[in-house]
Amino acid sequence: MVVFQDIEAVEEWLEPMDYISFWEAIAPYRLFTLADRDHCDGLIAGGTVKAETILYGTKAMARSGLISGFGLSHRRYETHIGQGVASLH
């Protein structure tokens, strides 16, 4: 289980996943139930919704859940000016 430091880390982790790897990777976080997975699988199997659309939506929901669950904010980038100011004080 990955512990995320910022929002960008969540996005970088989720981005390359396909449908199957997404469900396997997200399971430990308990953001979705087995019924949620079954529902999504059923929509795809029935041809109601494309797998890419389901994956896009579930990744967005997972992103939101992980950000709020871990209390994450955006990554802070240290500038050269900021480093210089910090060294002076």
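Up top is the structure these notes are about.
Anyway, here's the lowdown on the structure attached to this text.

Definitions and limits used
Residues numbered from 1 in each chain as written. Predicted model: local features only at pLDDT ≥ 70, side-chain atom pairs only at ≥ 80, totals over all residues. Heavy atoms only, no water. Core = buried A, V, L, I, M, F, W, Y, C linked by side-chain atoms within 4.5 Å. Buried < 20%, exposed > 50% of the residue type's maximum accessible area, 1.4 Å probe, protein only. Contact = heavy atoms within 4.5 Å. Phe/Tyr/Trp six-rings, centres within 6.5 Å; stacked < 30°, edge-to-face > 60°. Axes fitted to C-alpha atoms, helices over the stretch in contact; angles between N-to-C directions. Helix = DSSP H or I, 4+ residues; strand = E, 2+ residues; numbered from the N terminus. Parallel < 35°, antiparallel > 145°, perpendicular 65-115°, else oblique. Left-handed = near helix turned anticlockwise from the far one by under 90°. Nonpolar A, V, L, I, M, F, W, Y, C, P; charged D, E, K, R; others polar.

### Let's talk about the nonpolar core
Part 1: Counting residues in each nonpolar core, the largest one holds 20 residues, and the members touching the most others are Phe4, Trp13, Leu14, Phe22, Trp23, Ile26 and Leu66.
Part 2: The residues contacting Phe4, other than those within four sequence positions of it, are Ala9, Val10, Trp13, Tyr29, Leu66, Phe70 and Leu72.

### Some remarks on the packing of aromatic side chains
Pairs of aromatic rings are described using the distance from one ring centre to the other and the angle between the two planes.
Part 1: Summed over all chains, the structure comprises 9 aromatic pairs.
Part 2: Pairing Trp23 with Phe32 gives two aromatic rings, centres 5.2 Å apart and planes at 65°, and the pair type is edge-to-face.
Part 3: The rings of Phe4, Trp13, Tyr29 and Phe70 are connected pair by pair, giving a single aromatic cluster.

### Regarding the packing of helix 1 (residues 7–14) against helix 4 (residues 51–70)
To characterise two packed helices, one gives the angle between the axes of the helices and the distance between these axes.
Part 1: Packing of helix 1 against helix 4 brings their axes to within 10 Å, and their N-to-C directions diverge by 150°. Considering the angle they form, helix 1 stands roughly antiparallel to helix 4. Regarding helix 1 and helix 4, the two cross each other, and that crossing is right-handed. Contacts from Ile7, Val10, Glu11, Trp13 and Leu14 of helix 1 reach helix 4 at Lys59, Ala62, Arg63, Leu66 and Ile67.
Part 2: For the contact of helix 1 with helix 4, the per-class residue count stands at 7 nonpolar, no polar and 3 charged.

### Some details on helix 1
Part 1: Taken across its 8 residues, helix 1 has 6 buried, putting it largely inside the fold.
Part 2: Among the residues of helix 1, Ile7, Glu8, Ala9, Val10, Trp13 and Leu14 are the ones counted as buried.
Part 3: Residues of helix 1 that are buried in the fold lie against helix 2 (19–26) and helix 4.

### Some points on the environment of Leu34
Part 1: Turning to its location among the elements, Leu34 is positioned in helix 3 (residues 34–45).
Part 2: Leu34 sits in the exposed class, given a relative accessible area of 72%.
Part 3: For the pair Leu34 and Trp23, spaced 11 residues apart in sequence, the C-alpha to C-alpha distance is 10.0 Å.

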